[in-house]
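Residue-level structural notes
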Amino acid sequence: MVSTIATTSPTIDQVWGWLDAVPDPEIPVISLVDLGIIRDVSQDGDEFVITVTPTYSGCPATTIINLDITDALRQKGVENLRLERRLSPAWTTEWMSEKGRDALEKYGIAPPQAAGGPARCPQCASTNLERTSQFGSTPCKALWRCKDCLEPFDYFKCI
Amino acid sequence: MTNAALTTDEALFQFLLRLGDNTLILSHRVSEWCGHAPVIEEDIALANTALDLIGQTQFWLGLAGEVEGKGRSADQIAYLRDAWDFRNLLLVERPNGDFGKTLMRQFLFDAWQSLMLAKLMKSTNIRIAEIAEKASKEVAYHVERSADTVVGLGDGTPESHARMQTALDDLYPYVGEMFIGDAVDAALVKDGIAPDPASLRNDWDDLVGRVMAEATLTIPQKPFAHVGGKSGTHTEHLGYVLADMQFLQRAYPGAEW
């Protein structure tokens with residue numbers, strides 16, 4: 001069968017660019033690339049291989065993420081693709097991009113800090129904060145509260 | 001199963017069932033709190049913990065299915081076995097009791113799981129080491145929270161203190177099983193795949209001793225240990241857990257959504 005689809009194969013960089021436009025399903029202001037879960041894009045013959053690492057073992061978004069990657073690349077004409085899961089090295093919030101960290105804060109989620117707690121309130125920038133709970137609305141977040149503006153906010157946990 | 005006939009793959013399969021069944025059954029127990037916890041933050045924390053544990057279950061039982069080589073998926077292993085084929089510790093099938101007892105059980109298990117995973121990260125089996133690396137990051141949060149809660153309630157009001165002491169006294173006879181090795185463990189120790197369960201005891205005693213001292217709780221000095229879960233002899237409670245957990249797949253085999 002003769003293919004009538006574009007004869008030039010996209011480059012690896014193009015695929016990275018397209019993946020950087022796929023939003024995280026739970027936190028749509030950051031992309032999957034910003035989140036640091038796309039570990040590799042490579043070509044195996046005609047096939048593109050996208051290597052993805054889960055954030056948390058039981059994160060229900062994982063299935064949706066795989067579906068979103070496939071959908072986004074198919075829309076760009078990449079039909080021949082394979083997703084691989086990589087567990088090690090385990091995902092760390094250190095892999096989150098600066099662009100992603102800024103976008104999180106603007107959205108009202110305090111980005112992860114090595115110190116283990118938010119640097120400042122994402123609403124008013126106060127450092128007078130308290131932790132409400134180690135666990136939040138998704139596995140990757142904790143609940144904090146600002147004691148100055150009194151707003152509760154999500155903190156993206158450092159792991 | 002006779003000891004002489006135990007190949008490394010057979011031992012590995014049993015060991016993976018033990019790991020996966022521990023997290024599966026505990027996850028189910030913890031999820032029973034969903035919508036019932038005393039405050040919403042605790043409700044969310046319990047649901048998050050259950051979610052981490054079910055994710056780890058998918059890894060362990062998925063790998064068990066691969067090792068077994070009969071084409072069974074993690075779901076099939078979880079939903080289509082009966083009680084005698086489960087290999088979880090008796091501790092994790094104990095009923096929840098009150099909130100304090102649930103967190104006491106969680107802490108006793110988290111303390112053990114964090115030590116076990118630290119050893120498994122150095123397993124000669126790379127697949128096991130990778131899962132352990134992933135899971136240990138999550139379990140670090142679990143043990144921090146369960147320890148904090150045990151301290152908060154143990155060193156709390158006279159009522160909460162009394163309940164936590166009762167919880168510890170009730171659950172302690174189920175602790176010993178975590179550290180008693182058998183032929184499955186021995187086969188894996190030999191190849192550097194898994195640690196001797198007894199080798200975790202001192203670190204566990206240190207960790208639990210520190211937390212209980214801070215919680216002003218007294219660790220029972222009776223060495224008696226209920227055993228059986230690791231080889232498939234369970235308490236009556238497991239059957240009720242499975243009746244709830246497996247109902248849908250039993251009533252509508254192969255159902256998907």
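All of these numbers come straight from a predicted model, not from anything done at the bench.

Side note on the overall build of chain B
When you go through chain B residue by residue, the secondary structure sums to ten helices and zero strands. For 257 residues, the compact-globule estimate of 2.2 N^0.38 gives 18 Å, and chain B sits close to it at 18 Å. Once the C-alpha set of chain B is aligned to its principal axes, its extents read approximately 55 × 40 × 30 Å. Looking at chain B as a whole, 45% of its 257 residues qualify as buried. Look at the contacts in chain B between residues 6 or more apart in sequence, and 73% of them connect residues 24 or more apart.

Concerning the interface of chain B and chain A
When the parts of a complex come together, some accessible area is lost, and that lost area is often taken as the interface size. At the interface, 19 residues of chain B touch 15 residues of chain A. Counting only elements with at least two residues in the side of chain B that touches chain A, the list comes to α2 (40-68) and α6 (126-154) of chain B. Among the elements that make up the side of chain B that touches chain A, the one with the highest residue count is α2 of chain B (ten residues). Looking at the side of chain B that touches chain A, its residues break down into eight nonpolar, three polar and eight charged.

As for the environment of I30 of chain A
Mapped onto the secondary structure, I30 of chain A falls in the loop between α1 (12-19) and α2 (32-35). Contacts of I30 of chain A, omitting those with residues within four sequence positions, involve D24, L35, G100, A103 and L104 of chain A.

A word on the sheet that holds strand β5 (residues 129-133) of chain A
Residues and elements named next belong to chain A. On the basis of which strands lie adjacent, the open sheet formed by four strands has the order β4-β7-β6-β5 and mixed pairing. Of all strands in the sheet, those bounded by a partner on one side alone are β4 (109-110) and β5. Both β5 and strand β6 (residues 141-146) contribute to a ladder of four bridges, which runs antiparallel. Looking at β6, one finds that L129 is bridged to C146.

Topic: α2 of chain B
Residues and elements named next belong to chain B. In a regular helix each residue adds 1.5 Å, so 29 residues correspond to 42 Å; α2 covers 41 Å between its end C-alpha atoms and thus fits that length. α2 sits mainly inside the fold: 21 of its 29 residues count as buried. Looking at the residues trailing α2, positive phi occurs at G69, about 75 degrees.

Observations regarding the domain arrangement of chain A
Residue and element names in this part refer to chain A. On domain assignment, one finds that chain A holds domain 1 (12-91) and domain 2 (94-156). Taken over C-alpha atoms, the centre of domain 1 sits 25 Å from the centre of domain 2. Contacts between the two partners involve twelve residues from domain 1, matched on the other side by twelve residues from domain 2. When its residues are assigned to classes, the side of domain 1 that touches domain 2 shows seven nonpolar, three polar and two charged.

Section: helix α9 (residues 201-214) of chain B
In a regular helix each residue adds 1.5 Å, so 14 residues correspond to 20 Å; α9 of chain B covers 20 Å between its end C-alpha atoms and thus fits that length. Of the residues flanking the end of α9 of chain B, it is T216 of chain B, one or two places downstream, whose phi is positive at about 55 degrees.

Regarding the packing of α6 of chain B against helix α7 (residues 158-171) of chain B
Packed helices, taken two at a time, are described by their axes: the angle between them and the distance between them. Residue and element names in this part refer to chain B. The N-to-C vectors of α6 and α7 enclose an angle of 125 degrees; their axes lie 7 Å apart at closest approach. On the basis of the axis angle, α6 is oblique to α7. Here V150, L153 and G154 of α6 lie close against α7, whose contacting residues are S160, H161 and M164. Looking at the contact of α6 with α7 residue by residue, the class counts come to three nonpolar, three polar and no charged.

So, the nonpolar core
Soluble, globular proteins show a tendency: their nonpolar side chains are buried together. If you look at the biggest cluster of nonpolar residues, it comprises 103 residues, and the most contacted ones within it are L16, A64, L108 and V150 of chain B. Sorting elements by how many residues they give to this core places α2 of chain B first, with 13 residues. Formed jointly, this core draws a minimum of three residues from each of two domains, domain 1 (12-91) and domain 2 (94-156) of chain A. Leave out the neighbours within four places in its chain, and L108 of chain B touches L91, L171, V175 and V208 of chain B.

Quick notes on the packing of helix α5 (residues 99-120) of chain B against α9 of chain B
Residues and elements named next belong to chain B. It is at 10 Å that the axes of α5 and α9 come closest, and there the two elements cross at 140 degrees. Taken as axis vectors, α5 and α9 run oblique relative to one another. In terms of crossing hand, the pair formed by α5 and α9 is right-handed. Contact residues: α5 offers F107, L108, A111, W112 and L115, while α9 offers D203, W204, L207, V208 and V211. Split into classes, the residues belonging to the contact of α5 with α9 amount to nine nonpolar, no polar and one charged.

Conventions we followed
Residues numbered from 1 in each chain as written. Chains lettered and ligands numbered in written order. Predicted model: local features only at pLDDT ≥ 70, side-chain atom pairs only at ≥ 80, totals over all residues. Helix = DSSP H or I, 4+ residues; strand = E, 2+ residues; numbered from the N terminus. Rg over C-alpha atoms; globule rule 2.2 N^0.38 Å. Buried ≥ 20, exposed ≤ 12 C-beta atoms within 10 Å, placed from the backbone. Contact = placed C-beta atoms within 7 Å. Nonpolar A, V, L, I, M, F, W, Y, C, P; charged D, E, K, R; others polar. Pairing = 2+ DSSP bridges. Expected span 1.5 Å × (residues − 1). Domains from an automatic or database assignment. Axes fitted to C-alpha atoms, helices over the stretch in contact; angles between N-to-C directions. Parallel < 35°, antiparallel > 145°, perpendicular 65-115°, else oblique. Core = buried A, V, L, I, M, F, W, Y, C linked by C-beta atoms within 7 Å. Left-handed = near helix turned anticlockwise from the far one by under 90°.

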